[in-house]
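# Tertiary structure, described
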Amino acid sequence: DYNTGNERAVLISSHITSDLEKICDYIVYLHEGVVEINQEKDELLQNYAVYSVTNQQLQELNKTAVVRILKREYGTDVLALKSEMPKNFAYKTLNLDDLMLFFSKGEKIC
């Protein structure tokens, strides 16, 4: 195997996140020339999640937990660190499509 023994790496540049999710161990995401994400894929997918919240809930959240927000017609979606969110909040499991969308279209919370 080419990459066995951790002596080699393969760089893949792609917008096809489903392929990246299947084959990559590490994700580096560049947006407008800035490295936004530089982390192991499994850690990203385990530690972060997408939450749908009301405006009132958004105001009450721990701001350090919230990475990005996307305002939508029906409410607001939040990309957040699961360990810092209220345990009773329902969440959607994160995938790389979600992650890229939040970092390319989402806003940082003030």
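The sections below set out a description of the structure shown in this document.

Definitions and limits used
Residues numbered from 1 in each chain as written. Predicted model: local features only at pLDDT ≥ 70, side-chain atom pairs only at ≥ 80, totals over all residues. Heavy atoms only, no water. Helix = DSSP H or I, 4+ residues; strand = E, 2+ residues; numbered from the N terminus. Buried < 20%, exposed > 50% of the residue type's maximum accessible area, 1.4 Å probe, protein only. Phe/Tyr/Trp six-rings, centres within 6.5 Å; stacked < 30°, edge-to-face > 60°. Patch = residues over 30% accessible without salt bridge, like charges linked within 9 Å, V, L, I, M, F, W, Y side chains within 5 Å. Areas by Shrake-Rupley, 256 points an atom, 1.4 Å probe, with all protein chains shown as cover. Salt bridge = Lys/Arg side-chain N within 4 Å of Asp/Glu carboxyl O. Pairing = 2+ DSSP bridges. Contact = heavy atoms within 4.5 Å. Axes fitted to C-alpha atoms, helices over the stretch in contact; angles between N-to-C directions.

What follows covers unusual backbone geometry. Phi angles above zero are rare outside glycine, and Glu-32 is one such case at about 55°. Of note, Glu-32 is situated in the loop between strand S1 (26–31) and strand S2 (34–40). The class of Glu-32 is exposed, set by a relative accessible area of 73%.

Tallied over the entire structure, the rule returns two aromatic pairs. For the ring pair Tyr-29 and Phe-103, a centre distance of 6.4 Å and an interplane angle of 65° mean the geometry is edge-to-face. A residue pair is termed long-range when its members are at least 10 positions apart, and Tyr-29 in strand S1 and Phe-103 in helix H4 (residues 96–105) qualify at 74 residues. When the centroid spacing of 5.6 Å and the interplanar angle of 55° are considered together, the rings of Tyr-51 and Tyr-91 count as tilted. Separated by 40 residues along the polypeptide, Tyr-51 in strand S3 (residues 48–53) and Tyr-91 in the loop between strand S5 (75–81) and strand S6 (92–93) bring together distant segments of the chain.

Taken together, Tyr-26, Val-28, Leu-30 and Val-35 make up a surface patch of nonpolar side chains, about 400 Å² in accessible area. In terms of residues, the nonpolar patch owes the most to one element, S1, which gives three residues. With respect to the helices and strands, the residue Tyr-26 is situated in strand S1.

What follows deals with the sheet that holds S5. Taken together, four strands build an open sheet; the order of strands is S4-S5-S3-S6 and the sheet is antiparallel. Edge positions in the sheet fall to strand S4 (66–72) and S6, since each has one partner strand and no second. The pairing of S3 with S5 spans six bridges and is classified as antiparallel. Each residue of the ladder has a partner; that of Val-53, found in S5, is Thr-76. Sheet strands touched by H4: S3, S4, S5 and S6. Its angle to S4, the strand with the most contacts, is close to 80°.

Taken by themselves, the reported measurements are silent on function.
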